[in-house]
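Per-entry structural report
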Amino acid sequence: MLDLDIPRLPIGKAIEAVIDFLVAHCSGATNVFSDIMEAFIDFMVDGMLFLPPWLFILGIGALAFAITRKASVSALAILGLFLIVNMGLWKATVSTLALVLIATLVSILIAIPTGILAALNRTAYRMVMPVLDFMQTMPAFVYLIPAIPFFGLGKVSAIFSTVIFSVPPAIRLTCLGIRQVPAELIEAADAFGSSPRQKLFKIQLPLATPTIMAGVNQTVMLALSMVVVAAMIGAKGLGGEVWKAIQRLQPGKGFEAGIGIVIVAMLLDRILQQLGAKNGKPEGGNA
């Protein structure tokens, strides 16, 4: 091999310098945000734990049936959640569910406006897509590194890293759904004098909704896959149970927590799939 005397680019030091600068100048804001977010997470978890597990589970089953109109999904929800209670993982499951719901909500609030901007503006599209490529190929563990100096150990850092990891599919599919709206419909709307706002909210977003919901579904699945990784920085929940089982060499408890994650993932997946299918149906007809 040729021994070329090429100076090493200080990429790592530059990234550290940027993170140190942001931590030094933004610590006040991040501390306030962390305190507010942690209080909200605790309030949400306490609210879900306030109800007896059996009543909460029956409510979830009824909600699943109301959304999907499928008794099988409702039965899956009830039986699966009662199995979680039987395994002694109810509190951990509620904590994981709160983390996933908050991370998904934040991801949607970021993804849909960004996806709309990328779909409607070519310059924004060219800027956003390489960033998404970078985010989707970066190992999940790397996202834990900047979370800790900004928010410390705990659930807020877990949500921060989960959002960064899980938001790209929602942005991509929002952009894709809008860009796939037939050009003939856009031309017809222009011919009738529709404003860009009217085209977006009355044509593009309604037709793109099934694709957007597919992106939300993928975001939820990625958020659930991140809970075990986020347990390394204090996320707790079912991921924390898996992490403890790894540390203590308890494969049985690890598999039980894994089964709990699978049950939650299947339940959310079935509900979101049905929501996407419903939104994809034309009014007065079948999909």
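Residues numbered from 1 in each chain as written. Predicted model: local features only at pLDDT ≥ 70, side-chain atom pairs only at ≥ 80, totals over all residues. Heavy atoms only, no water.

Taken as a whole and assessed by the stated rule, the structure comprises four salt bridges. With a shortest N-O distance of 2.8 Å, K199 and D190 are connected by a salt bridge. (Salt bridge = Lys/Arg side-chain N within 4 Å of Asp/Glu carboxyl O.)

With that settled, the discussion passes to the side chain of T93. Along the chain, the position of T93 falls in helix α4 (residues 90-120). If we skip the residues at most four places from it in the chain, T93 touches I84, L238 and V264. (Helix = DSSP H or I, 4+ residues; strand = E, 2+ residues; numbered from the N terminus. Contact = heavy atoms within 4.5 Å.)

Once that is clear, we can look at the packing of aromatic side chains. Enumeration according to the criterion identifies four aromatic pairs in this entry. Between F33 and F151 the ring centres are 5.8 Å apart and the planes differ by 55°, which places this aromatic pair in the tilted class. You can see F33 sitting in helix α1 (residues 11-50) and its partner F151 sitting in helix α6 (residues 144-151), a full 118 residues away along the chain. Each residue in the set F33, F151 and F160 is aromatic and connected to the rest through ring pairs, giving one cluster. Across from the ring centre of Y125, 4.2 Å away, lies the NZ or CZ of R179, which sits over that ring. (Phe/Tyr/Trp six-rings, centres within 6.5 Å; stacked < 30°, edge-to-face > 60°. Lys NZ or Arg CZ within 6 Å of the ring centre and 35° of its normal.)

Take the UniProt feature "domain: ABC transmembrane type-1" (unreviewed entry) in the protein next. The positions UniProt marks with the feature "domain: ABC transmembrane type-1" (unreviewed entry) are residues 93-272. Strand forms 0% of residues 93-272 and helix 86%; the C-alpha atoms that close the span are 19 Å apart. (UniProt positions renumbered as here; feature names shortened; annotations may be inferred.)

Between the first and last C-alpha of helix α3 (residues 71-86) there are 22 Å, a value that for 16 residues agrees with the 22 Å anticipated at 1.5 Å per step. All of the buried residues along α3 are V73, S74, A77, G80, L81 and I84. Each buried residue of α3 sits inside an arc of 145° when the element is viewed along its axis, so together they form one side. Of the exposed residues in α3, those oriented more than 90 degrees away from the buried face are A71, S72, L79 and N86. One or two steps after α3, the chain reaches G88, where phi turns positive at roughly 75°. (Expected span 1.5 Å × (residues − 1). Buried < 20%, exposed > 50% of the residue type's maximum accessible area, 1.4 Å probe, protein only. Arc of directions from axis to C-beta.)

A separate point is the packing of α4 against helix α10 (residues 237-248). Two numbers describe how α4 lies on α10: the axes approach to 6 Å, and their chain directions differ by 125°. Considered as vectors, α4 and α10 are oriented oblique to each other. Mapping the contact onto sequence places A92, T93, S95 and T96 in α4 and G237, L238, G239 and E241 in α10. Residue classes in the contact of α4 with α10 are distributed as two nonpolar, five polar and one charged. (Axes fitted to C-alpha atoms, helices over the stretch in contact; angles between N-to-C directions. Parallel < 35°, antiparallel > 145°, perpendicular 65-115°, else oblique. Nonpolar A, V, L, I, M, F, W, Y, C, P; charged D, E, K, R; others polar.)

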